[in-house]
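Now for the letters of each chain:
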Amino acid sequence: MLHGTLIESGLENVYWGILIVTYPYISGLVAGSFVVSSLSHVFRQKVYDALAPLAVLVSFALLLAAPLTVLADSRQPINFWELLSRGHWPYSPIAFFILIWLGYIALMLCELYFAFRAENVRRAVAGGPRWRLYQVLALGNRDLSPKTADRDRRVLVLLSSLGILMAFLFHGYIGFIFGSTKARPLWASPLMPVMFIVSAMVSGIALMWVVYVLAMRYFGRPVDRSIADGLLRYLVLFILLDLYMDAVDFLTGAIPAYTQGPVAAGFQRILLSGPYAWIYFGLQLGAGIFLPLLIWLVPRWRKSWAGGAIMSAGVLVGVYAMRWNVVIAGQIQSKISQDLVAVTVPWFGFDSVQTVLGVFGVAFVVFLALAWLFPWKAWEQTATEESRAAEARSGTAQIPAQGGTVS
Amino acid sequence: MEQLQPGISRRRLMRHLVLVAISVSAAGTLLRSRVRAQTVKTVTSRRRWSGEAAARRLYQTKPRWASWTVPEFNQPDEWSNPTAWMAAIQNSRHVGYVHDNFDRLYPVSKLPHHWGMVIDVRRCIGCQACVVACKSENNVPVGVYRTWVQVVEQGSLVSDPAGAVVTDQGRYQPNVKRFSLPSLCNHCDNPPCVEVCPVKATFKREDGLVLIDYPKCIGCGYCINACPYDARFFNPIQQTADKCTFCVQRLDRGLLPACVTSCVGRARIFGDLNDPQSAPTQLIGQYATTRLKTSLGTNPQVFYIGLDGVLAEGGADAFNTVYPYAVGTNTEEYDDLTGRVLLQTPTGGEGGTP
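Criteria and thresholds
- Residues numbered from 1 in each chain as written.
- Chains lettered and ligands numbered in written order.
- Predicted model: local features only at pLDDT ≥ 70, side-chain atom pairs only at ≥ 80, totals over all residues.
- Heavy atoms only, no water.
- Helix = DSSP H or I, 4+ residues; strand = E, 2+ residues; numbered from the N terminus.
- Buried < 20%, exposed > 50% of the residue type's maximum accessible area, 1.4 Å probe, protein only.
- Contact = heavy atoms within 4.5 Å.
- Areas by Shrake-Rupley, 256 points an atom, 1.4 Å probe, with all protein chains shown as cover.
- Polar contact = N/O pair within 3.5 Å; in protein donor to acceptor, adjacent residues only side chain to side chain.
- Salt bridge = Lys/Arg side-chain N within 4 Å of Asp/Glu carboxyl O.
- Pairing = 2+ DSSP bridges.
- Axes fitted to C-alpha atoms, helices over the stretch in contact; angles between N-to-C directions.
- pLDDT = per-residue confidence, 0-100.
- Core = buried A, V, L, I, M, F, W, Y, C linked by side-chain atoms within 4.5 Å.
- Lys, Arg positive; Asp, Glu negative; His and termini not counted.
- Parallel < 35°, antiparallel > 145°, perpendicular 65-115°, else oblique.
- Left-handed = near helix turned anticlockwise from the far one by under 90°.
- Nonpolar A, V, L, I, M, F, W, Y, C, P; charged D, E, K, R; others polar.
- Disulfide = S-S within 2.5 Å.

## Description of the overall build of chain B
1) Next: Helices and strands together make up the secondary structure of chain B, namely 13 helices and 15 strands.
2) Next: Classification of the 354 residues of chain B by burial places 48% in the buried group.
3) Next: Partitioning the intrachain contacts of chain B with sequence separation of at least 6 by distance along the chain shows that 62% fall at a separation of at least 24.
4) Next: When the accessible surface of chain B is totalled, it reaches about 17500 Å², and 55% of it is carbon and sulfur.

## Quick notes on the side chain of A:Ser27
Residues and elements named next belong to chain A.
1) Next: One can find Ser27 in helix α2 (residues 18-41).
2) Next: Exposure remark for Ser27: the relative accessible area of 0% places this residue in the buried category.
3) Next: Among the polar contacts listed, one links the side chain of Ser27 to the backbone oxygen of Pro24, at a separation of 3.2 Å.
4) Next: Once residues lying within four places of it in the same chain are set aside, the contact partners of Ser27 are Phe170, His171 and Ile174.

## Details of the pattern of salt bridges
1) Next: On inspection of all chains with the given rule, the structure shows 14 salt bridges over all chains.
2) Next: Put simply, A:Glu119 and A:Arg123 hold a salt bridge, and the shortest N to O gap is 3.0 Å. With A:Glu119 and A:Arg123 both in helix α5 (residues 96-126) and four residues apart, this pair spans about one turn of that helix. Across the pair, A:Arg123 and A:Glu119 agree in class, each one buried.
3) Next: Between B:Asp252 and B:Arg205 there is a salt bridge; the shortest N-O distance is 3.0 Å. Within this pair, whereas B:Asp252 is found in the loop between α8 (248-251) and α9 (258-262), its partner B:Arg205 is found in strand β6 (residues 202-205), the two being separated by 47 residues in sequence. Both residues of the pair, B:Asp252 and B:Arg205, count as buried.

## Digging into the sheet that holds strand β12 (residues 302-305) of chain B
All names here are of chain B.
1) Next: Pairing is mixed across the open sheet formed by four strands, whose spatial order is β10-β2-β12-β11. Edge positions in the sheet fall to β10 (268-272) and β11 (289-290), since each has one partner strand and no second.
2) Next: Bridge analysis of β11 against β12 gives two bridges, and the strand direction is antiparallel. Counted as the bridge partner of Thr290 is Tyr304 from β12.
3) Next: The strands touched by helix α10 (residues 279-286) within the sheet are β2 (115-120), β10, β11 and β12, with β10 carrying the most contacts at an inclination of about 110 degrees.

## Points about the environment of A:Ile289
Residues and elements named next belong to chain A.
1) Next: Residue placement: Ile289 occurs in helix α11 (residues 277-297).
2) Next: Classification of Ile289 by relative accessible area gives buried; the value is 1%.
3) Next: Put simply, Ile289 and Leu240 are 49 residues apart on the chain and 7.9 Å apart in space, counted from C-alpha to C-alpha.
4) Next: Residues in contact with Ile289, not counting those within four places in the same chain, are Ile239, Asp242, Leu243, Asp246 and Gln284.

## Some thoughts on the confidence of the model for chain B
1) Next: Scored by pLDDT, chain B comes out at a mean of 75, with 66% of its residues at no less than 70.
2) Next: Contacts for the low-pLDDT stretch residues 39-52 of chain B, under 50 throughout, to residues beyond four places or in other chains number 25 contacts.

## Some words on the nonpolar core
1) Next: The biggest cluster of nonpolar side chains holds 150 residues, and the ones touching the most others in it are A:Phe170, A:Phe178 and A:Tyr276.
2) Next: The leading source of residues in this core is helix α8 (residues 191-218) of chain A, at 18 residues.
3) Next: Not counting chain neighbours up to four residues away, the residues in contact with A:Phe170 comprise A:Tyr23, A:Ser27, A:Leu63, A:Ala66, A:Phe97, A:Ile100, A:Trp101 and A:Tyr104.
4) Next: By size, the runner-up hydrophobic cluster in this structure holds 39 residues, among which are B:Trp115, B:Trp148, B:Leu211 and B:Ala231.

## Some points on the side chain of B:Lys135
All names here are of chain B.
1) Next: Inspection of the secondary structure puts Lys135 in helix α5 (residues 129-138).
2) Next: Put simply, Lys135 is tucked away with no salt bridge, and the nearest opposite charge, on Asp242, sits 10 Å away.
3) Next: A distance of 2.8 Å separates a polar atom in the side chain of Lys135 from the backbone oxygen of Val144.

## Digging into the environment of A:Val263
Residues and elements named next belong to chain A.
1) Next: Mapped onto the secondary structure, Val263 falls in helix α10 (residues 261-272).
2) Next: With 76 residues separating them in the primary sequence, Val263 and Trp187 have C-alpha atoms 8.8 Å apart.
3) Next: Excluding residues within four positions of it along the chain, Val263 makes contact with Pro185, Leu186 and Gly253.

## Notes on the confidence of the model for chain A
1) Next: Of the residues in chain A, 91% have a pLDDT of 70 or more, and the chain-wide mean is 87.
2) Next: Here residues 400-407 of chain A is modelled with pLDDT under 50, and outside its nearest four sequence neighbours on either side it reaches twelve contacts, counting other chains as well.

## As for the packing of α5(A) against helix α7 (residues 146-179) of chain A
Residue and element names in this part refer to chain A.
1) Next: Running from N to C, α5 and α7 point in directions that differ by 155 degrees, and their axes come no closer than 9 Å. Judged on the interaxial angle alone, α7 and α5 are roughly antiparallel. As α5 runs across α7, the sense of the crossing is left-handed.
2) Next: Each residue belonging to the contact of α5 with α7 can be placed in one class, and the counts come to 18 nonpolar, four polar and four charged.

## With respect to the state of the cysteines
Residue and element names in this part refer to chain B.
1) Next: Applying the stated rule across the entire model yields zero disulfides over all chains.
2) Next: Here Cys247 is not disulfide-linked; the sulfur of Cys259 is the nearest cysteine sulfur, at 6.1 Å.
3) Next: By relative accessible area, which is 6% here, Cys247 ends up buried.
4) Next: Accessibility expressed as a relative area gives 8% for Cys259, which makes it buried.

Have a look at this one:
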């Protein structure tokens, strides 16, 4: 069998393969995990204070890895510079990428600075093997007075609010790439950006649940029940929103009487009764929506760790299936000829499972580096309640116990 | 506890924010003015199509790959140096090009030429000579097509005890009509492929041609997905998007496109749609013409005479395709039909049976 993503002969092919399935998936995780961090920064939910730094790091690592998917999928990746020098915005949805992504990177760097500045200063003052590193990360500003702390907090609120906007823009523009392609009946829908953003929230929250629990287990710390259960509550809320969006999509896409011929034909032929019916019903709706809701409805399952893990894993699988059903299913509907276009994802080589795993691997390594660099661990904070009070009195860092080279 | 003095820090914060805002707006203005300068340049510095003078000038600097010279195979030529032949293909010294505001294109520029094609479906015999000529003229690699002729059947098999088609399930009588449907890039006046290109590598020339600046292409595939006619493809050799150019290299030297020249039934008629006396204009005036997928608002510039309305809108269920290569060799139907496909791949591998 000839495989569309690999060989590309004949008239119709699937040009956007599994890497482009992964691109909106990763950017959705970026947006979702950023919104989780803003629960503490913007919405002042004290419960999530311990989670916010971790969520910022996860979001930033995935943000750095996200463009690797499109870069690897591009046939002329060396020409990426043309995106900067010949940007075609506001006409081309892809051309928005460079503005939104660079803006988001800049914003995340500011966010990292202000979120970790106080702790960096305390560690730089406290000394230790890495004090120079913390000195650099604090950009030399050693002010720990309450005034500065208050400024940091207010800047962080502003940055996080802007960040939510950027996260929505970043993910919404990807939805717009598909929604604006009128040649593909299953893509050309104004619902697309909204569906993408809602499922981004769902997948980001599920990812943060998994990362939080795994990180706590790894470091042998107790998992905060209020954080884990709170995340699951938000998860269910957004799953219900996602269910609503899927219902609207079904009503406006799958029913011949309500929609245009090619849209309904594609929906019926590919998703409802065709090759991807099992992905649509089994994974996107089953694992991604109904399984988590079912577990949530049984209190005993909801409160167990396995229940939470299955909910999160199901959501992560279901959202990936949703991306597949958008990107691939939209392309296997032929434009000018008959029948569905065949596509098989290769294991190795261009546009393969191997490259996708590589991108996730890069994201993981970047996350490890960031987690090593930034003092996100709540249980290792150098400042105790007494030292904070002392700081507030004197306006300088008071180092408990271990001391160090105070410059 | 010291009294908070938010005023001072707020002032510092505001100062920083103002600095950031100024630099962002300065950068935005720079970018914006670049875009505007390009647009203005297109509109104001347009040059008249200098016709014969331009053609003569180009003849004098005739590139070696031009089709009327004796071909030297396996020799380095201008195809291996894109900047040399791109200048000839774009021909931007004579014709401007745009990336958007297509509605303003013709009223503003008033260029003498607006190229278009009329395809008389009644005269097409499905010989595929145009496909071969196109491949030969344009070095189109194996497996992809700039123009192709689908031979399609419309209708159905009717169950009939005395039918000519014998199957395991009984005999059928075909109640069908057979069409040949020559297809190529429609050089739309409102081309979605040009709008979506993130690097402006593809553009619409002021005389109507939609072309690609290959060295600028990043190979993202967006234009290929955005084309409703599937006229674009990835060139497996140069790994960029590629498509029909109306044989721009011939056109700029006063020749007709290769598919038009080679058409034995003279089903393809090419000419200037701005010229009231040209053959396509006369045909469009005298016959009822159809264009493909007009519902998408792309305003295509290839007109069909005698084309069935169902075929014009296309869609998977509009017809049965007779020539399977035109279906695409990677459909499930083709697998069912042949069971075995062997084709050399660009990467050196080989497709085989599963």
